[in-house]
Amino acid sequence: LTLNTPFGDGYLNAEESQSSQILSGSTGVNGSGQVVNVTIDGHTYQASVGMDGLWSVTLPTEALQQLSEGSVSISVSFNDAAGNTSTLLTTATVDRLPPLLTVNSFTGDDRLNIAEALVDQALSGTVSGAENGQVITVTLNGKTYTTTVNGSNWSVNIQAADLAALQDGQQNIQVSVSDVAGNTVLVQHPVEINANPFS
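Residues numbered from 1 in each chain as written. Predicted model: local features only at pLDDT ≥ 70, side-chain atom pairs only at ≥ 80, totals over all residues. Heavy atoms only, no water.

Trainee: I tried to follow empty space enclosed by the protein on my own but got confused; where do I start?
Mentor: To find leftover empty space, a probe the size of one water molecule is rolled over the atoms. Applying the stated criterion to the full structure yields 1 cavity of 30 Å³ or more. Taken as a whole, the largest cavity spans an internal volume of roughly 40 Å³. Surrounding the largest cavity, Ile 40, Asp 41, His 43, Tyr 45, Leu 59, Ala 63, Leu 64 and Leu 67 form its lining. When its residues are assigned to classes, the lining of the largest cavity shows 6 nonpolar, 1 polar and 1 charged. (1 Å grid on protein atoms, 1.4 Å probe; cavity = no way out; pocket = protein on both sides within 12 Å on 5 of 7 lines; lining within 4 Å. Points joined across faces, edges and corners; volume = space filled by probe spheres on them. Nonpolar A, V, L, I, M, F, W, Y, C, P; charged D, E, K, R; others polar.)

Trainee: Would you mind going over the nonpolar core with me for this structure?
Mentor: Counting residues in each nonpolar core, the largest one holds 26 residues, and the members touching the most others are Leu 123, Trp 154 and Val 175. For this core, the elements supplying multiple residues, two or more each, are β9 (100-103), β11 (121-128), β12 (135-140), β14 (153-158), β15 (169-178) and β16 (184-194). Every residue in contact with Leu 123, bar those within four places of it in the chain, is listed here: Val 103, Asn 104, Phe 106, Val 138, Trp 154, Ser 155, Val 156, Ile 158, Ile 173 and Val 175. Listed in part, the 22 residues of the second largest apolar core include Phe 7, Val 38, Leu 59 and Ala 92. (Core = buried A, V, L, I, M, F, W, Y, C linked by side-chain atoms within 4.5 Å. Buried < 20%, exposed > 50% of the residue type's maximum accessible area, 1.4 Å probe, protein only. Helix = DSSP H or I, 4+ residues; strand = E, 2+ residues; numbered from the N terminus. Contact = heavy atoms within 4.5 Å.)

Okay, here's the thing in structure tokens:
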């Protein structure tokens, strides 16, 4: 008896909980007369088993949304035509909460002047709810910078050459990060550019 990794990666995230999900596996036995029962959070679903021994069961959206955050137990039991029983126990993680991401003021006041545009500038902030090693992506004017989560603080350097290419006016810095469950947060941070000596 096998069970494929639940929800693809063992995590049920916010987006996945908005639609029904399929759990599947194999009984290892060919032929009809097989019954597979899948129990998750006290609710049991009977799986359809093909002649090839493959089975699948659909978990409805309503049931997924009622699951509590954290670890959830999954039990899969199988009865073949001869009455032999096999049971498999595993767990999955329910994580529907996106990370928390903040962006500090750029250049101290969210304004970039001529002098500041001549040198590299650091953009920093805080992050929680995203595991160490997860990638933080910063996008400004089509340029992308990345760093990884290491604790609660993050920082990237935006190069002077890229700052010099910015047009005067308001620009949005986009910062995003995902947790291991696939929940993503995107922050739009507006800054004012006044670095063109001819404007």
